[in-house]
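# Tertiary structure, described
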Amino acid sequence: MALMALPVPRWCPHGADSSSSPHPTPSGLSPTLAIHVYTPREVYGTVGSHVTLSCSFWSSEWISEDISITWHFQAEGSRDSISIFHYAKGQPYIDDVGSFKERMEWVGNPRRKDGSIVIHNLDYTDNGTFTCDVKNPPDIVGKSSQVTLYVLEKVPTRYGIVLGSIIGVALLLVALLVALVYLVRFCWLRRQAVLQRRLSAMEKGKLQRSAKDASKRSRQAPVLYAMLDHSRSTKATAEKKTKGAPGEPRKDKK
Amino acid sequence: MLLLLLGIIVLHVTVLVLLFVSTVVSQWLVNGGQTADLWQNCTSGTGAIFQCLTSSTNEWLQSVQAMMILSVIFSVLSLFLFFCQLFTLTKGGRFYLTGIFQILAGLCVMSGAAIFTVRHTDWHEASENTSYGFAYILAWLAFPLALASGIIYVILRKRE
């Protein structure tokens with residue numbers, strides 16, 4: 001697992017890092033009367049893939065129609081800085097004869113103060129410094145900003161990603177397992193309690209039913225006797241009536 | 001009874017201290033005036049001048065760091081859980097949770113030390129007089145002690 005030797009990242013006092021978020025470069029000009037251009041310090045790309053060179057700017061004037069954005073490229077080890085992109089009068093002009101022919105794409109929007117370009121199909125010859133220059137008439141005094149592109153075989157992961165992910169995953173797994181075990185135990189105990197209650201309820205029910213049966217039997221006996229008595233008395237009154245006067249009005253027969 | 005409790009706590013705290021020292025101190029590999037460890041490489045120049053640089057960002061080194069940190073975390077959690085379970089467990093219950101976390105801490109420190117042993121040549125060129133420092137030995141010592149402590153917790157039954 002041999003990594004190519006990385007150039008030591010320049011340590012910027014403002015804490016610039018190699019992500020593609022723009023970062024202000026220290027400027028010696030008065031902050032409100034100049035145009036400020038921001039690019040990241042370094043950008044890493046892998047061979048064959050694409051990379052976005054982002055460039056944003058701040059201007060004290062309104063964005064006019066005459067705004068111009070220019071990108072220059074100085075190859076590593078070379079002294080010449082060639083112009084590869086120009087945007088003027090609302091029209092982007094992409095390199096169609098140089099080394100970035102058919103590889104560059106304009107993704108910026110001057111209205112949104114963004115002058116970014118994308119380079120596809122990276123190669124080792126693209127190692128070098130890209131300069132973004134923005135002029136917004138009448139605000140033309142300003143410093144351009146540079147971004148160094150490093151094309152590597154494999155982009156190194158940031159320090160701490162492996163560390164953090166191992167610790168996070170391990171702690172999460174352990175927490176989940178403990179929670180699961182406790183949940184299972186809790187459900188099991190609850191089921192046990194429910195079963196226990198049902199069992200005791202059944203026992204109580206049995207006792208009650210047996211008590212009820214016994215009481216039912218003792219109550220039925222007097223009822224039977226009462227019915228027998230009643231039938232005898234009705235028979236007696238019926239006989240009396242047939243024997244007695246027939247013209248008597250029959251009053252509430254029992 | 002109290003003696004047993006005291007002995008167990010002393011063992012646990014010893015394991016914790018061993019893990020902590022082994023993680024933090026800069027003495028895993030010693031090479032003459034140079035010491036290298038998990039976090040930085042230090043060179044002692046002339047006299048008592050130390051020059052320290054951060055170690056490489058190799059993935060295996062990061063995994064060793066992660067394992068050592070995890071072992072310390074698990075051991076601390078285990079101690080905390082021991083005191084919790086001491087007061088909440090029913091009579092006759094076993095300190096399962098405490099023992100499991102302590103055993104996990106032991107396994108983590110073992111895997112960390114093992115990965116370091118196998119892969120340290122990735123980020124540190126080994127010369128003839130590179131030898132292992134005392135922090136490395138402490139890590140290997142902490143592993144059986146942590147396992148023993150964890151097993152004692154699992155076997156132990158709570159009494160009044």
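Residues numbered from 1 in each chain as written. Chains lettered and ligands numbered in written order. Predicted model: local features only at pLDDT ≥ 70, side-chain atom pairs only at ≥ 80, totals over all residues. Heavy atoms only, no water.

Convention followed: UniProt positions are given in the numbering used here, feature names are shortened, and annotations may be inferred rather than shown by experiment.
Going by what an unreviewed UniProt entry lists, chain B is known as Peripheral myelin protein 22 and is assigned to Phasianus colchicus. Per UniProt, chain B has the following entry under Sequence similarities (unreviewed entry): "Belongs to the PMP-22/EMP/MP20 family."

As named in an unreviewed UniProt entry, chain A is Myelin protein P0, taken from Phasianus colchicus. What the UniProt record of chain A gives under Sequence similarities (unreviewed entry) is the line "Belongs to the myelin P0 protein family."

### Observations regarding helix α4 (residues 134-155) of chain B
All names here are of chain B. Formally: Each helix corresponds to a stretch of at least 4 residues labelled H or I by DSSP, and each strand to a stretch of at least 2 residues labelled E; elements are numbered beginning at the N terminus. Here the expected span of a helix is defined as 1.5 Å times the quantity of residues minus one. Residue burial is assigned from relative accessible area. The probe radius is 1.4 Å, only protein chains are included, and a residue is buried under 20% of its type maximum, exposed over 50%, and partly exposed in between. Whether two residues are in contact is decided by their heavy atoms, any of which lying within 4.5 Å being enough.
Taking 1.5 Å of rise per residue, 22 residues should cover 32 Å, and α4 covers 32 Å from first to last C-alpha, within 8% of that figure. Within α4, burial applies to Ala135, Tyr136, Leu138, Ala139, Ala142, Phe143, Ala146, Ser149, Gly150 and Tyr153. Where α4 is buried, its residues contact α1 (2-24), α2 (59-88), α3 (96-119) and β5 (130-132).

### Examining the packing of α1(B) against α4(B)
Residues and elements named next belong to chain B. Rules: Axis lines are fitted through C-alpha atoms, for helices just across the contact stretch, and the angle between N-to-C directions can take any value from 0 to 180 degrees. Should an angle fall under 35 degrees it is taken as roughly parallel, and over 145 as roughly antiparallel, whereas 65 to 115 is taken as roughly perpendicular and any remaining angle as oblique. Throughout, a crossing is termed right-handed when the near helix is turned clockwise from the far one, and left-handed when it is turned anticlockwise from it by less than a right angle.
The geometry of α1 relative to α4 is characterised by a closest axis approach of 8 Å and an angle of 150° between their N-to-C directions. Looking at the two axes, α1 sits roughly antiparallel to α4. For the pair α1 and α4, the crossing hand works out as left-handed. Counted together, Ile8, Leu11, His12, Val15, Leu18, Leu19, Val21 and Ser22 of α1 and Phe134, Ala135, Leu138, Ala139, Leu141, Ala142, Leu145, Ala146, Ser149, Ile152 and Tyr153 of α4 form the full contact between these two elements.

### Describing the interface of chain A and chain B
Applied cut-off: Any Lys or Arg side-chain nitrogen found within 4 Å of a carboxyl oxygen on Asp or Glu counts as a salt bridge. Counted as a polar contact is a pair of N or O atoms within 3.5 Å, where, for protein atoms, one must be capable of donating a hydrogen and the other of accepting one, and residues adjacent in sequence contribute only when both atoms are in side chains. Throughout, the ten residues Ala, Val, Leu, Ile, Met, Phe, Trp, Tyr, Cys and Pro are labelled nonpolar, Asp, Glu, Lys and Arg are labelled charged, and all others, Gly among them, are labelled polar.
Every contact between the two is made by 15 residues of chain A and, on the other side, 16 residues of chain B. Linking chain A with chain B are zero salt bridges, by the criterion used here. Taken together, the links from chain A to chain B amount to three residue pairs in polar contact (both at pLDDT 80 or more). Of the residues contributing to the side of chain A that touches chain B, the split by class is twelve nonpolar, two polar and one charged.

### With respect to the pattern of salt bridges
Residues and elements named next belong to chain A. Per the counting criterion, the structure on display carries three salt bridges over all chains. Salt-bridge contacts for Arg111 lead to Glu65; the nearest nitrogen and oxygen are separated by 2.9 Å. Placement of the pair is Arg111 in the loop between β8 (104-106) and β9 (117-119) and Glu65 in the loop between β4 (56-58) and β5 (68-75), with a sequence separation of 46 residues. Across the pair, Glu65 and Arg111 agree in class, each one exposed. Across the pair Asp126 and Arg103 runs a salt bridge whose closest N-O atoms are separated by 2.8 Å. Of this pair, Asp126 sits in the loop between β9 and β10 (128-135) while Arg103 sits in the loop between β7 (91-94) and β8; the two residues are 23 residues apart in sequence, bridging distant segments of the chain. Judged by its relative accessible area of 13%, Arg103 is buried.

### Side note on the state of the cysteines
All names here are of chain A. Under the convention used in this document: Throughout, a disulfide means two cysteine sulfur atoms within 2.5 Å of one another.
Throughout the structure, instances matching the rule amount to one disulfide over all chains. Paired through a disulfide, Cys55 and Cys132 show a sulfur-sulfur distance of 1.9 Å. A torsion of -75° about the S-S bond marks the disulfide between Cys55 and Cys132 as left-handed. Highlighted residues: Cys55 in the loop between β3 (51-53) and β4 and Cys132 in strand β10, separated in sequence by 77 residues. With relative accessibility at 1%, the residue Cys55 sits in the buried group. Taking relative accessible area as the criterion, Cys132 reaches 0% and is therefore assigned buried.

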